[in-house]
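Working through the structure, step by step
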Amino acid sequence: MKIDRRSLMAAPLALGMAHSAWVQTAVPQVPGGALPPGLPQPSETIDLWPGGVLGMPARALAETVQERSTDRLVTDRAVYGISKPRLAVFRPDRPNGAGVLITPGGGYRWVVVDKEGYEMGRWLAVRGFTAFVLFYRLPGEGWAAGPDVALADAQRAMRLIRARSGDYAVDPERVSAMGFSAGGHLCADLATRFDASVYAPVDEADKLSAKPHSAAPIYPVISMTAPDAHGGSRELLVGKNATPALAAAHSPHLNVPADAPPFFLLHAEDDDAVPVNNTLLLRAALKAKQIRVETHLFEHGGHGFGLRKAIGKPVEVWPELWRAWARTTGLEL
(Lines give C-alpha, C1' and ligand atoms only; values in the text may rest on other atoms or scores of the structure.)
Protein backbone atom coordinates (compact mmCIF):
# COMPACT_ATOMS: atom_id res chain seq x y z
CA MET A 1 0.00 0.00 0.00
CA LYS A 2 1.45 3.36 -1.02
CA ILE A 3 1.05 6.19 1.46
CA ASP A 4 -0.67 9.17 -0.13
CA ARG A 5 1.65 12.08 0.70
CA ARG A 6 -0.91 14.80 0.00
CA SER A 7 -3.57 13.23 2.20
CA LEU A 8 -1.06 12.72 5.02
CA MET A 9 0.27 16.26 4.87
CA ALA A 10 -3.24 17.68 4.78
CA ALA A 11 -4.47 15.50 7.61
CA PRO A 12 -3.46 17.77 10.52
CA LEU A 13 -5.41 20.66 8.97
CA ALA A 14 -8.44 18.56 8.11
CA LEU A 15 -8.52 17.10 11.57
CA GLY A 16 -7.70 20.25 13.51
CA MET A 17 -11.29 20.75 14.65
CA ALA A 18 -11.35 17.28 16.13
CA HIS A 19 -8.40 17.70 18.51
CA SER A 20 -10.60 18.18 21.52
CA ALA A 21 -12.09 14.73 20.91
CA TRP A 22 -8.73 13.08 21.44
CA VAL A 23 -8.57 13.39 25.19
CA GLN A 24 -5.12 14.73 25.99
CA THR A 25 -3.91 15.02 29.55
CA ALA A 26 -1.05 17.05 30.92
CA VAL A 27 -0.12 14.35 33.42
CA PRO A 28 0.36 10.85 31.97
CA GLN A 29 -2.03 8.23 33.24
CA VAL A 30 0.61 5.92 34.69
CA PRO A 31 0.17 5.23 38.39
CA GLY A 32 2.98 3.77 40.41
CA GLY A 33 3.93 5.97 43.33
CA ALA A 34 7.01 8.14 43.78
CA LEU A 35 9.52 8.22 40.93
CA PRO A 36 13.29 8.73 41.09
CA PRO A 37 14.21 12.44 41.09
CA GLY A 38 15.37 13.92 37.81
CA LEU A 39 14.11 11.05 35.65
CA PRO A 40 12.26 12.57 32.67
CA GLN A 41 8.67 11.43 32.33
CA PRO A 42 6.33 11.92 29.37
CA SER A 43 4.57 15.26 29.55
CA GLU A 44 1.30 14.22 27.95
CA THR A 45 -0.83 11.31 26.86
CA ILE A 46 -3.24 10.86 23.97
CA ASP A 47 -6.25 8.59 24.41
CA LEU A 48 -6.75 6.36 21.38
CA TRP A 49 -10.51 5.96 21.62
CA PRO A 50 -12.07 9.18 22.97
CA GLY A 51 -15.60 7.80 22.62
CA GLY A 52 -14.66 4.74 24.65
CA VAL A 53 -13.52 1.34 23.45
CA LEU A 54 -16.00 -1.23 22.18
CA GLY A 55 -16.20 -4.89 23.08
CA MET A 56 -15.36 -4.45 26.75
CA PRO A 57 -14.70 -7.61 28.77
CA ALA A 58 -17.66 -8.97 30.72
CA ARG A 59 -15.60 -8.54 33.87
CA ALA A 60 -14.61 -4.93 34.58
CA LEU A 61 -10.89 -4.23 34.41
CA ALA A 62 -8.96 -2.28 37.00
CA GLU A 63 -5.70 -0.86 35.67
CA THR A 64 -2.95 -2.12 37.94
CA VAL A 65 0.74 -1.32 38.16
CA GLN A 66 3.26 -3.75 39.55
CA GLU A 67 6.64 -2.32 40.51
CA ARG A 68 9.18 -5.09 39.98
CA SER A 69 12.33 -3.18 40.93
CA THR A 70 13.83 -3.35 44.42
CA ASP A 71 16.09 -0.37 43.69
CA ARG A 72 14.46 2.94 44.61
CA LEU A 73 16.51 4.69 41.91
CA VAL A 74 15.40 2.38 39.10
CA THR A 75 11.78 1.81 38.14
CA ASP A 76 10.56 -1.34 36.42
CA ARG A 77 6.79 -1.02 36.23
CA ALA A 78 4.45 -3.43 34.48
CA VAL A 79 0.80 -2.55 33.81
CA TYR A 80 -2.21 -4.76 33.18
CA GLY A 81 -5.97 -4.26 33.11
CA ILE A 82 -5.64 -1.48 30.52
CA SER A 83 -9.10 -0.33 29.43
CA LYS A 84 -8.05 3.14 28.23
CA PRO A 85 -5.36 2.49 25.64
CA ARG A 86 -3.20 5.54 25.06
CA LEU A 87 0.06 6.99 23.90
CA ALA A 88 2.60 8.52 26.28
CA VAL A 89 4.58 11.15 24.39
CA PHE A 90 8.27 12.02 24.72
CA ARG A 91 8.96 15.29 22.91
CA PRO A 92 12.52 16.14 21.86
CA ASP A 93 13.92 19.63 22.41
CA ARG A 94 14.89 19.73 18.73
CA PRO A 95 12.61 17.48 16.64
CA ASN A 96 14.27 15.82 13.68
CA GLY A 97 10.90 15.27 12.01
CA ALA A 98 10.74 11.53 12.69
CA GLY A 99 8.33 9.71 15.00
CA VAL A 100 8.65 6.27 16.56
CA LEU A 101 5.74 4.22 17.91
CA ILE A 102 7.08 2.01 20.73
CA THR A 103 5.27 -1.19 21.71
CA PRO A 104 6.78 -2.55 24.95
CA GLY A 105 6.80 -6.26 25.73
CA GLY A 106 5.34 -8.22 28.60
CA GLY A 107 4.29 -11.56 27.09
CA TYR A 108 0.80 -10.13 26.45
CA ARG A 109 0.39 -10.51 30.22
CA TRP A 110 1.18 -6.86 30.86
CA VAL A 111 2.91 -3.85 29.30
CA VAL A 112 6.46 -3.25 30.56
CA VAL A 113 6.45 0.52 31.05
CA ASP A 114 10.03 1.47 31.89
CA LYS A 115 12.50 -1.11 30.58
CA GLU A 116 11.00 -1.38 27.10
CA GLY A 117 8.96 1.79 26.95
CA TYR A 118 9.97 4.96 28.75
CA GLU A 119 13.72 4.25 28.71
CA MET A 120 13.64 3.89 24.94
CA GLY A 121 11.40 6.95 24.67
CA ARG A 122 13.98 9.03 26.53
CA TRP A 123 16.83 7.69 24.41
CA LEU A 124 15.00 8.57 21.22
CA ALA A 125 13.88 12.02 22.37
CA VAL A 126 17.43 13.04 23.30
CA ARG A 127 18.38 12.24 19.70
CA GLY A 128 15.57 14.26 18.14
CA PHE A 129 12.93 11.59 17.60
CA THR A 130 9.41 12.11 18.91
CA ALA A 131 8.56 8.90 20.75
CA PHE A 132 5.08 7.54 21.41
CA VAL A 133 4.87 4.69 23.93
CA LEU A 134 1.75 2.59 23.42
CA PHE A 135 -0.30 1.28 26.33
CA TYR A 136 -2.23 -1.38 24.42
CA ARG A 137 -5.05 -3.66 25.49
CA LEU A 138 -4.14 -7.24 26.37
CA PRO A 139 -5.82 -10.02 24.38
CA GLY A 140 -6.07 -12.42 27.32
CA GLU A 141 -8.30 -10.08 29.34
CA GLY A 142 -11.56 -10.91 27.59
CA TRP A 143 -11.91 -8.30 24.84
CA ALA A 144 -14.42 -9.05 22.10
CA ALA A 145 -11.75 -8.38 19.46
CA GLY A 146 -9.74 -11.28 20.87
CA PRO A 147 -6.31 -11.73 19.25
CA ASP A 148 -6.73 -8.55 17.19
CA VAL A 149 -7.31 -6.18 20.09
CA ALA A 150 -3.67 -5.07 20.45
CA LEU A 151 -3.31 -4.70 16.67
CA ALA A 152 -6.41 -2.48 16.64
CA ASP A 153 -4.72 -0.21 19.18
CA ALA A 154 -1.46 -0.18 17.21
CA GLN A 155 -3.21 0.66 13.94
CA ARG A 156 -5.21 3.40 15.61
CA ALA A 157 -2.07 4.77 17.28
CA MET A 158 -0.21 5.00 13.97
CA ARG A 159 -3.14 6.80 12.37
CA LEU A 160 -3.50 9.27 15.25
CA ILE A 161 0.22 10.08 15.19
CA ARG A 162 -0.14 10.92 11.52
CA ALA A 163 -3.32 12.89 12.10
CA ARG A 164 -1.60 14.96 14.77
CA SER A 165 1.81 15.11 13.12
CA GLY A 166 1.65 18.90 12.85
CA ASP A 167 1.38 19.19 16.63
CA TYR A 168 4.63 17.29 17.09
CA ALA A 169 6.71 18.59 14.16
CA VAL A 170 6.66 15.09 12.71
CA ASP A 171 6.64 14.26 9.01
CA PRO A 172 3.62 11.91 8.66
CA GLU A 173 5.58 9.79 6.18
CA ARG A 174 8.42 9.27 8.68
CA VAL A 175 6.69 7.41 11.52
CA SER A 176 8.40 4.14 12.35
CA ALA A 177 7.53 1.30 14.73
CA MET A 178 9.71 -0.43 17.31
CA GLY A 179 8.70 -3.22 19.67
CA PHE A 180 10.21 -5.63 22.16
CA SER A 181 9.41 -9.31 22.80
CA ALA A 182 5.59 -9.63 22.69
CA GLY A 183 5.62 -5.95 21.76
CA GLY A 184 7.95 -7.03 18.96
CA HIS A 185 5.20 -9.37 17.83
CA LEU A 186 2.78 -6.45 17.85
CA CYS A 187 5.30 -4.32 15.92
CA ALA A 188 5.72 -7.07 13.29
CA ASP A 189 1.96 -7.66 13.21
CA LEU A 190 1.39 -3.96 12.51
CA ALA A 191 4.08 -3.93 9.80
CA THR A 192 2.58 -6.96 8.04
CA ARG A 193 -1.15 -6.48 8.70
CA PHE A 194 -1.41 -2.70 8.57
CA ASP A 195 -4.24 -3.04 6.04
CA ALA A 196 -6.21 -5.64 8.01
CA SER A 197 -9.69 -4.47 9.01
CA VAL A 198 -9.68 -5.09 12.75
CA TYR A 199 -11.91 -2.24 13.95
CA ALA A 200 -14.67 -0.01 12.64
CA PRO A 201 -13.47 3.51 11.70
CA VAL A 202 -14.43 6.15 14.25
CA ASP A 203 -13.28 9.45 12.70
CA GLU A 204 -11.28 11.08 9.91
CA ALA A 205 -7.98 9.81 11.33
CA ASP A 206 -9.00 6.30 10.36
CA LYS A 207 -8.78 7.25 6.68
CA LEU A 208 -5.01 7.48 7.06
CA SER A 209 -2.57 4.65 6.54
CA ALA A 210 -1.50 2.50 9.50
CA LYS A 211 1.60 1.30 7.64
CA PRO A 212 4.78 2.26 9.49
CA HIS A 213 7.65 3.83 7.58
CA SER A 214 9.86 1.01 8.88
CA ALA A 215 9.76 -1.57 11.66
CA ALA A 216 12.20 -2.77 14.30
CA PRO A 217 10.99 -5.86 16.18
CA ILE A 218 13.62 -6.46 18.89
CA TYR A 219 13.98 -10.06 20.23
CA PRO A 220 10.42 -10.55 18.95
CA VAL A 221 7.82 -13.23 19.48
CA ILE A 222 6.87 -14.24 15.93
CA SER A 223 5.71 -17.83 15.55
CA MET A 224 2.56 -19.07 17.26
CA THR A 225 3.43 -22.75 16.78
CA ALA A 226 5.82 -25.13 18.51
CA PRO A 227 8.73 -25.40 18.89
CA ASP A 228 9.41 -21.69 18.35
CA ALA A 229 6.38 -20.11 19.99
CA HIS A 230 6.74 -18.35 23.32
CA GLY A 231 4.25 -20.36 25.34
CA GLY A 232 2.89 -17.54 27.48
CA SER A 233 2.36 -15.16 24.57
CA ARG A 234 0.73 -17.87 22.46
CA GLU A 235 -1.68 -18.86 25.22
CA LEU A 236 -2.78 -15.28 25.91
CA LEU A 237 -2.97 -14.26 22.25
CA VAL A 238 -4.55 -17.23 20.45
CA GLY A 239 -5.13 -19.80 23.21
CA LYS A 240 -3.31 -22.95 24.21
CA ASN A 241 -5.44 -25.04 21.83
CA ALA A 242 -5.47 -22.67 18.87
CA THR A 243 -6.18 -24.23 15.50
CA PRO A 244 -3.37 -24.21 12.93
CA ALA A 245 -5.31 -21.61 10.94
CA LEU A 246 -5.68 -19.28 13.92
CA ALA A 247 -2.01 -19.66 14.86
CA ALA A 248 -0.95 -18.93 11.28
CA ALA A 249 -3.17 -15.84 11.10
CA HIS A 250 -1.23 -14.36 14.04
CA SER A 251 2.28 -15.41 13.03
CA PRO A 252 3.74 -12.38 11.19
CA HIS A 253 6.21 -14.40 9.14
CA LEU A 254 3.26 -16.12 7.48
CA ASN A 255 1.52 -12.83 6.63
CA VAL A 256 4.19 -10.71 4.94
CA PRO A 257 2.66 -8.64 2.11
CA ALA A 258 4.53 -7.60 -1.00
CA ASP A 259 4.47 -3.96 0.17
CA ALA A 260 5.73 -4.48 3.72
CA PRO A 261 8.05 -1.71 5.01
CA PRO A 262 11.79 -2.22 5.63
CA PHE A 263 12.64 -4.24 8.77
CA PHE A 264 15.47 -4.09 11.31
CA LEU A 265 15.77 -7.35 13.26
CA LEU A 266 17.79 -8.00 16.42
CA HIS A 267 18.10 -11.03 18.69
CA ALA A 268 20.54 -12.69 21.10
CA GLU A 269 21.28 -16.30 20.31
CA ASP A 270 21.29 -17.25 23.99
CA ASP A 271 17.70 -15.96 24.46
CA ASP A 272 16.16 -18.56 26.77
CA ALA A 273 12.62 -17.15 26.59
CA VAL A 274 11.97 -16.44 22.91
CA PRO A 275 14.05 -18.67 20.59
CA VAL A 276 16.21 -16.81 18.10
CA ASN A 277 14.53 -18.80 15.33
CA ASN A 278 11.58 -16.41 15.65
CA THR A 279 13.73 -13.69 14.13
CA LEU A 280 15.20 -16.06 11.55
CA LEU A 281 11.73 -17.15 10.42
CA LEU A 282 10.69 -13.53 9.92
CA ARG A 283 13.92 -12.71 8.10
CA ALA A 284 13.44 -15.63 5.70
CA ALA A 285 9.85 -14.60 5.00
CA LEU A 286 10.87 -11.00 4.31
CA LYS A 287 13.68 -12.13 2.02
CA ALA A 288 11.26 -14.38 0.14
CA LYS A 289 9.10 -11.33 -0.59
CA GLN A 290 12.16 -9.21 -1.45
CA ILE A 291 11.48 -6.85 1.45
CA ARG A 292 14.47 -4.90 2.69
CA VAL A 293 15.72 -6.33 6.00
CA GLU A 294 18.79 -5.87 8.19
CA THR A 295 19.50 -8.55 10.80
CA HIS A 296 21.82 -8.53 13.81
CA LEU A 297 22.41 -11.62 15.94
CA PHE A 298 24.50 -11.50 19.11
CA GLU A 299 26.07 -14.47 20.86
CA HIS A 300 25.14 -13.21 24.33
CA GLY A 301 22.43 -10.93 25.65
CA GLY A 302 19.65 -13.18 26.84
CA HIS A 303 16.08 -11.92 26.67
CA GLY A 304 14.59 -8.57 27.59
CA PHE A 305 17.85 -6.64 27.66
CA GLY A 306 16.36 -3.40 26.33
CA LEU A 307 18.87 -0.67 27.13
CA ARG A 308 19.73 -1.24 30.77
CA LYS A 309 20.59 -4.95 30.59
CA ALA A 310 22.68 -4.52 27.47
CA ILE A 311 25.27 -2.35 29.23
CA GLY A 312 28.71 -3.91 29.29
CA LYS A 313 27.92 -6.48 26.61
CA PRO A 314 28.58 -6.34 22.86
CA VAL A 315 24.81 -6.09 22.36
CA GLU A 316 24.82 -2.63 23.97
CA VAL A 317 25.61 -1.17 20.54
CA TRP A 318 22.22 -2.18 19.16
CA PRO A 319 20.45 1.23 19.44
CA GLU A 320 23.19 2.92 17.41
CA LEU A 321 23.06 0.09 14.86
CA TRP A 322 19.34 0.76 14.51
CA ARG A 323 19.93 4.50 14.20
CA ALA A 324 22.59 4.06 11.51
CA TRP A 325 20.21 1.78 9.60
CA ALA A 326 17.33 4.23 10.10
CA ARG A 327 19.36 6.91 8.33
CA THR A 328 19.65 4.66 5.28
CA THR A 329 15.85 4.33 5.13
CA GLY A 330 15.25 8.08 5.28
CA LEU A 331 13.67 7.96 8.75
CA GLU A 332 16.36 10.24 10.15
CA LEU A 333 17.53 12.75 7.57
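What counts, and at which threshold
Residues numbered from 1 in each chain as written. Predicted model: local features only at pLDDT ≥ 70, side-chain atom pairs only at ≥ 80, totals over all residues. Heavy atoms only, no water. Helix = DSSP H or I, 4+ residues; strand = E, 2+ residues; numbered from the N terminus. Contact = heavy atoms within 4.5 Å. Areas by Shrake-Rupley, 256 points an atom, 1.4 Å probe, with all protein chains shown as cover. Salt bridge = Lys/Arg side-chain N within 4 Å of Asp/Glu carboxyl O. Buried < 20%, exposed > 50% of the residue type's maximum accessible area, 1.4 Å probe, protein only. pLDDT = per-residue confidence, 0-100. Phe/Tyr/Trp six-rings, centres within 6.5 Å; stacked < 30°, edge-to-face > 60°. Pairing = 2+ DSSP bridges. Right-handed = clockwise from strand over helix to strand, strands pointing away. Axes fitted to C-alpha atoms, helices over the stretch in contact; angles between N-to-C directions. Left-handed = near helix turned anticlockwise from the far one by under 90°. Nonpolar A, V, L, I, M, F, W, Y, C, P; charged D, E, K, R; others polar.

1. Topic: the overall build of the chain
Within the chain, the secondary structure is distributed over 8 helices and 12 strands. Within the chain, contacts between residues separated by at least 24 positions form 78% of all contacts whose residues are at least 6 apart in sequence. Of the roughly 13400 Å² that the chain leaves accessible, carbon and sulfur atoms contribute 55%.

2. Things to note about the pattern of salt bridges
Applying the stated criterion to the full structure yields 16 salt bridges. Residue R127 is joined to E320 by a salt bridge in which the shortest nitrogen-to-oxygen separation is 3.7 Å. Taken together, the positions of R127 in the loop between α2 (114-126) and β8 (130-135) and E320 in helix α8 (residues 318-329) put the pair 193 residues apart, joining distant regions of the chain. Since its relative accessible area comes to 26%, R127 is described here as partly exposed. Assessed through its relative accessible area of 38%, E320 is described here as partly exposed. R164 is paired through a salt bridge with D167; the nearest N and O atoms lie 3.0 Å apart. For R164, a relative accessible area of 7% gives the class buried.

3. Topic: the confidence of the model for the chain
Taken over all residues, the pLDDT of the chain has a mean of 91, while the share at 70 or more is 89%. Between residues 5-29, whose pLDDT stays under 50, and residues either more than four places distant or in other chains, the model counts 59 contacts.

4. Brief notes about the packing of aromatic side chains
Counted under the stated rule, the structure contains 10 aromatic pairs. When the ring of Y108 is compared with that of Y136, the centres are 6.3 Å apart and the planes differ by 75°; the resulting orientation is edge-to-face. Within this pair, whereas Y108 is found in the loop between β6 (99-103) and β7 (111-112), its partner Y136 is found in the loop between β8 and α3 (149-163), the two being separated by 28 residues in sequence. The same class applies to Y108 and to Y136, which are both buried. Aromatic pair Y219 and F305: ring centres 4.7 Å apart, planes at 65°, arrangement edge-to-face.

5. Observations regarding the pairing of strand β12 (residues 293-298)
Pairing of strand β11 (residues 263-268) with β12 involves 6 bridges; the strand directions are parallel. Each residue of the ladder has a partner; that of F263, found in β12, is V293. Considered for its hand, the β-α-β crossover made up of β11, helix α7 (residues 277-288) and β12 is right-handed.

6. Concerning the pairing of β6
Buried residues dominate β6, accounting for 5 of its 5 residues. Burial along β6 is two-sided: G99, L101 and T103 facing one way and V100 and I102 facing the other are all buried. In terms of strand pairing, β6 meets β8 through 4 bridges, oriented parallel. Residue V100 lies in a different strand from β8, and its bridge partner there is A131. Judged from the 5 bridges that link them, β6 and strand β9 (residues 175-180) form a sheet pairing that is parallel. What sits directly across from L101, in β9, is A177.

7. Quick word on the sheet that holds β7
Sheet architecture is open: 3 strands sit in the order β3-β4-β7, paired in antiparallel fashion. Sheet topology places β3 (64-67) and β7 at the edges, where each strand pairs with a single neighbour. Bridging between strand β4 (residues 77-80) and β7 involves 2 bridges; their strand directions are antiparallel. Within the sheet, the bridge partner assigned to A78 lies in β7 and is V112.

8. Comments concerning the packing of α3 against helix α4 (residues 182-192)
Think of two packed helices as two axes; the pair is described by the angle between the axes and how far apart they sit. The interhelical angle for the contact between α3 and α4, taken along N-to-C directions, is 65°, at an axis separation of 10 Å. Crossing geometry of α3 relative to α4 is assigned as right-handed. Two secondary-structure elements touch here, α3 through A150, L151, A154, Q155 and M158 and α4 through L186, D189 and L190. Of the residues contributing to the contact of α3 with α4, the split by class is 6 nonpolar, 1 polar and 1 charged.

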